[in-house]
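Fold and contact review
Residue strings, one per chain:
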Amino acid sequence: MPNETLAPVVDRRTFVKTALAVGAATVASPYIIPARAADVVKLGMANPLTGTYAAFGKNESIGCQLAVEEINAKGGILGRQAQLIIEDSTSGDAGTAVQKSRKLIDSDHVNFLLGNVNSALALAMAGVSNEKGVLHIDPGGHTDAVTGKSCHWNVFRVCNTTAMEANAVASALVKSYGKKFYYITPDYAYGHTVEAGLITAIKKLGGERIGGDLAPLGTVDFSSYLIKAQAAKPDVILFLVAGNDLINALKQAVQFGLDKKFHLAGALMELEVLEGLPTEARIGTWLLEWYWNQPNVPHLDAFVAGIKKKTGRVPTARHWFGYVGGWTCALGAEKAKSLKALDIAKALQDFALPPEVALGPNKAYYRANQNQLLDTIYVGLAKAKGSAPDDLFDVKTLVNGADVAISGTLEESGCKMTWPT
Amino acid sequence: MTQLILFNVFNGLIVGAFYALMALGLSLILNLSGVINFAHGGFLALGAYFAYALIPYVGFWGALVLSPILTGVVGLVVERLLIRPLYGRDPLYGLLLTFGLAYMLEDGVKYVWGPQSLPFEAPTWLMSSLSNDYFFLTGYRLFMILIVVVAVAGLFGVLGYTRLGMRIRAGTRDLETVSTLGVNTRLLRSLNFGLGVYFAGLAGVLAAGQLGLEPTIGDGLIMPSFVAIIVGGLGSLVGTLFGGLLIGVVSGLTTVFWPAASEAVIYVMMGLVLLLRPRGLLGEEGRIV
């Protein structure tokens, strides 16, 4: 109904029609928007920017952005400028992750797909990328299946498998703490595989699992689990939860004084978690997948400075994952002299990262027929305060991921790679 | 096994007390204004982050006093600008608004302080463990119970003995008549909303000591608050208090036997209550909102 007041007020029907039109435009846009310039090489990253993994996803995207800037400064990929498109996959909704991946591939015509922090979402996205034949780099999703049972020729992973993590830290745990282990495990793909890996590795060293609990992802209050852990009287309580769950669990465990009765440790630790803990909770033996404070590593200072310029803080492993992901795309394309996914995938078999990308003491390369990056794992102790504000980890052992005792054999990984003809 | 169960009952009461604190604020707003405040978790996060920002200047105790007040003021502003125009309309409008507001608050907090977890340092002597032979008692949890008791007592005191409280109670029964008696109902609703959000802010400061401080800190706490209100009974503050404690205990006990179900069990309880006694355990019959 037309409004007779002096102030122009949109009437309800017009408003509703406009809203519907806008909504339809959003859905229809792939068909309406004209083809983008074919000169740009596009990298599409679908990573969590909201939710519990937002910090990790954001840091990976910043690392990748730095890589793309450096790549462009050096002339781009095969003479063409590179562009990074970032989409929010959410922290746990596989449907959205798949939808964004399809959007990046079908609408934005990306040459490379990157993602996901959440292991389950990484697997879902790998299904899409394999279906579409797009080269896919998983910077930070850890579950074994990505380069194991569900491996694909077009999917490469930067971060460690959970088996590698378990093998790397097991001996430090048994040597330092004892034989009786209680597990607090997140109840999803990542948690199950890292627990299984640790049980096997620790058993080989004479330790045993005396009990454990599966905590739902996103558990806020760990008291019930800690109560049970205390009743079991282990030597060590292993915290396999990640991200905010780990912060909550450790904070509460230390508040309850459990660190005075038992050892608290785990497998994967991340600098984001250490930074979020109060000083008294920065304890225990853990592993980091990459650390910024390494002596005698060339090109490291440049990388640390590059990230500090963007964020004001030192880089974490997540920044490095994103950085390696971006550079892998460029280096693979350069080696293959082609942007075709199959050519690049073949060029990346047993491909070793150059020192300015590897940024670690040992060789870092993608194992052939598994597409898994084997590199250095940093086992050590969390510390409350260090020489620098972000120096919160004391590296005790540099473990070489390429060592078959750590990486396992190709058969053990369960990956049977099939190549398209 | 009995010790384990006892531990968990006690622990559940503590967790439940915290849920009750959140739920009381939510219930206040719901009863008087008829607004389902989905942004309550966002205000909790705001309270936590305000405390984090204030601690370097006024210390933990200063932040404990000031941060909820600041959050309450933000609540007042939100009510005046955003919620007041929606009174008298379909409750769906209020729900949609607060739903969007929740996202705005979370993203706003993320924009200002970043998505990563921040280290929240409560006083060390408070954080230490007092006893874990009979139950997990830390100084912090004792402190939390104390704050909840004081806050709840204060709330019931205000509601029972002050003029404002009397008007709020009268307003939840019949706002129109209260308005014809000369009470400024607009101001009343604003103050009531501010008071509810004050409780969210207070819960936020307490939560930051126990949990990692990051933008989604309110997400895991808002749903149990809603369930506490439904289980305890719409329209009854005592019911909400009781509902919070009950779901805390049940959730804690479930973790002993079936950890995967510990989150789901509170919704099962909600389902049972809705089926068997829709008004809630202590709710008033016929209460719609």
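Definitions and cut-offs
- Residues numbered from 1 in each chain as written.
- Chains lettered and ligands numbered in written order.
- Predicted model: local features only at pLDDT ≥ 70, side-chain atom pairs only at ≥ 80, totals over all residues.
- Helix = DSSP H or I, 4+ residues; strand = E, 2+ residues; numbered from the N terminus.
- Rg over C-alpha atoms; globule rule 2.2 N^0.38 Å.
- Buried ≥ 20, exposed ≤ 12 C-beta atoms within 10 Å, placed from the backbone.
- Contact = placed C-beta atoms within 7 Å.
- Domains from an automatic or database assignment.
- Nonpolar A, V, L, I, M, F, W, Y, C, P; charged D, E, K, R; others polar.

**A short note on the overall build of chain B**
Scanning chain B for helices and strands turns up eleven helices and two strands. For 289 residues, the compact-globule estimate of 2.2 N^0.38 gives 19 Å, and the C-alpha radius of gyration of chain B, at 19 Å, lies within 12% of that figure. Overall, the C-alpha framework of chain B stretches about 60 × 50 × 35 Å when taken along its three principal axes. A total of 289 residues make up chain B; the buried ones form 52% of that total. By sequence separation, contacts in chain B at least 24 residues apart represent 74% of the contacts at least 6 residues apart.

**Comments concerning the domain arrangement of chain A**
Residue and element names in this part refer to chain A. Assigned domains of chain A: these are domain 1 (41-160 + 296-374) and domain 2 (163-288). The gap between the C-alpha centroids of domain 1 and domain 2 is 28 Å. Contact with domain 1, which involves twelve residues of that partner, is made by 14 residues of domain 2. Contributing elements (two or more residues each) for the side of domain 1 that touches domain 2: helix H2 (54-73) and helix H4 (119-132). Of the residues assigned to the side of domain 1 that touches domain 2, the class counts are five nonpolar, six polar and one charged.

**Regarding the environment of Thr185(A)**
All names here are of chain A. Along the chain, the position of Thr185 falls in strand S6 (residues 180-186). Along the sequence, Thr185 and Trp153 sit 32 residues apart, while their C-alpha atoms lie 31 Å from each other. Residues in contact with Thr185, not counting those within four places in the same chain, are Gly191, Glu195, Gly212, Leu214, Ala215 and Leu240.

**Focus: the interface of chain A and chain B**
Across the boundary between the two partners, chain A contributes 34 residues, which contact 33 residues of chain B. If you list the elements that add at least two residues to the side of chain A that touches chain B, you get H2, strand S7 (208-215), helix H7 (223-232), helix H8 (243-255) and helix H10 (271-276) of chain A. Examining the composition of the side of chain A that touches chain B, we find that seven residues originate from one element, H7(A), more than from any other. Looking at the side of chain A that touches chain B residue by residue, the class counts come to 13 nonpolar, twelve polar and nine charged.

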